Protein chains: 2
Amino acid sequence: MIITISREFGSGGRDLGRRLSEQMQIPCYDKEIISLIARNKGFDESYVEMMSEKGIQSAYLGTFSSRSAGVDWYTRQSIDIIVEQQKIIKDLASKGDCIIIGRAADLILSDMKPFRIFVYADMASRMKRCREREEDREKLSDAQLQKNIRKIDKERASHRASFSDSKWGDKANYDLCINTTDLSIEKIIVPLADLIRAHYQ
Amino acid sequence: MIITISREFGSGGRDLGRRLSEQMQIPCYDKEIISLIARNKGFDESYVEMMSEKGIQSAYLGTFSSRSAGVDWYTRQSIDIIVEQQKIIKDLASKGDCIIIGRAADLILSDMKPFRIFVYADMASRMKRCREREEDREKLSDAQLQKNIRKIDKERASHRASFSDSKWGDKANYDLCINTTDLSIEKIIVPLADLIRAHYQ
């Protein structure tokens, strides 16, 4: 039983994954993947985190616009992280039932027929969720916050587009799409776990 | 508790609605709406059925292209059916918990905050479902069947577009989108009913 959770930024997808993991008593991989990449490749975790859900193209363009001499090196590093990430995701999934958050795991593990969830919400609700976890020093204006949310989603879409034509967020690519607008995620975890188990019966 | 089910043609949305209705012990309205419109307006049921999920525009264009003199009459009738349908849907929903299939009920009843489901599947799976319920005399080629499926979906989208900018099938407009590709609908009914109840708690 492999469950992948793709999510719009601020939609509570990570929270949903963690709670599902507790409920179903199976591991959930998220930041753990970052740590493994960082360890295996000798990179800094925050650097890997920044890169791990960006598209190769946007990483490349980011460097290109900075006119540095290191374009090739930077692109190679970005591909390196993506390749390592794919390896780690396959490795974790091969160990047994698990939940994997983001990182196009649904595509990487498509041979294993994962149960593919997409979590989304309207902008107001996502901003509210971001505000709740935001630290004081990060206080952004509404406009800045919205811009950030859109930027991160765009990067996730671009990450997926780096190695597939299948579009990020297109419901056709998922088994279940859950709108968390005004939803208390906690409340639906038990029936959601049952619904996923029913899929595998 | 008002549950609306929008669905791609052949995705098993009606089946899902009927089973959910049995499981939750609340009425499910689908063809019943057609019968009520026909009775109230003195139309033939098959005529109402043909018109009830088409857009005003496509009904209008359909007539227009036939170059008949009755364009105004035909358009008026199409609007008449849509207005009557909205009245009946509001009426049924006001009587208590229920499930309503199609007919943009999620929009018509938006004030009542319905739980909005969208059911979809890939083309192969939809064709298979259509074949299973198809009578021998209706045996269509694969190409014809696919064309029919797309046409009906287009009409449903156009029906919704007649009175809203909110796009048919866009996940943002639904609370839960369920992919029924290779899914035995029967299996997920119990946890799905629980999940909907959890939403209302």
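The structure reproduced in this document is the subject of the present report. Quantities reported herein were computed from a predicted structural model and do not represent experimental measurements.

All names here are of chain B. You can see Ser125 is positioned in helix H7 (residues 123-133). The spatial distance from the C-alpha of Ser125 to the C-alpha of Thr181 is 5.5 Å, given a sequence separation of 56 residues. Among all residues touching Ser125, those that are not within four sequence positions of it are Gly10, Thr180, Thr181 and Asp182.

Now for the pattern of salt bridges. A side chain of one charge can pair with a side chain of the opposite charge if their charged atoms are brought near each other. If you walk through the whole model with that rule in mind, you get 30 salt bridges over all chains. With its nearest N and O atoms 3.8 Å apart, the salt bridge here joins A:Glu132 to A:Lys128. Placement of both A:Glu132 and A:Lys128 in helix H7 (residues 123-133) is noted, with a separation of four residues, approximately one turn of the helix. Like A:Glu132, the residue A:Lys128 is exposed in the burial classification. Among the salt bridges present, the one from B:Arg103 reaches B:Asp30, with a minimum N-O distance of 3.3 Å. Remark: B:Asp30 occurs in the loop between strand E2 (28-29) and helix H2 (31-41) and B:Arg103 occurs in the loop between strand E3 (98-101) and helix H6 (105-108); sequence separation between them is 73 residues. A residue is classified by how much of its surface remains accessible, and B:Arg103, at 3% relative accessible area, is buried. Judged by its relative accessible area of 0%, B:Asp30 is buried. Through salt bridges with shared partners, one network takes in A:Glu8, A:Arg126 and A:Asp153.

We now examine the side chain of B:Thr4. Relative to the helices and strands, B:Thr4 is located in strand E1 (residues 2-7). The residues contacting B:Thr4, other than those within four sequence positions of it, are B:Ile100, B:Ala105, B:Asp106, B:Pro114, B:Phe115, B:Arg116 and B:Ile117.

Listed per partner, the contact involves 23 residues of chain A and 23 residues of chain B. Summed over both partners, the interface of chain A with chain B comes to about 1,900 Å²; 60% of that surface belongs to carbon and sulfur atoms. Summed over the shared surface of chain A and chain B, the result is zero salt bridges. The interface formed by chain A and chain B holds 13 residue pairs in polar contact (both at pLDDT 80 or more) in total. Listed by contribution, the elements that provide at least two residues to the side of chain A that touches chain B are strand E4 (115-120), strand E5 (176-179) and helix H9 (185-199) of chain A. Take the side of chain A that touches chain B: its biggest share by element is eight residues, from H9(A).

The rules behind these values
Residues numbered from 1 in each chain as written. Chains lettered and ligands numbered in written order. Predicted model: local features only at pLDDT ≥ 70, side-chain atom pairs only at ≥ 80, totals over all residues. Heavy atoms only, no water. Helix = DSSP H or I, 4+ residues; strand = E, 2+ residues; numbered from the N terminus. Contact = heavy atoms within 4.5 Å. Salt bridge = Lys/Arg side-chain N within 4 Å of Asp/Glu carboxyl O. Buried < 20%, exposed > 50% of the residue type's maximum accessible area, 1.4 Å probe, protein only. Buried area = accessible area lost by both parts, 1.4 Å probe. Polar contact = N/O pair within 3.5 Å; in protein donor to acceptor, adjacent residues only side chain to side chain.

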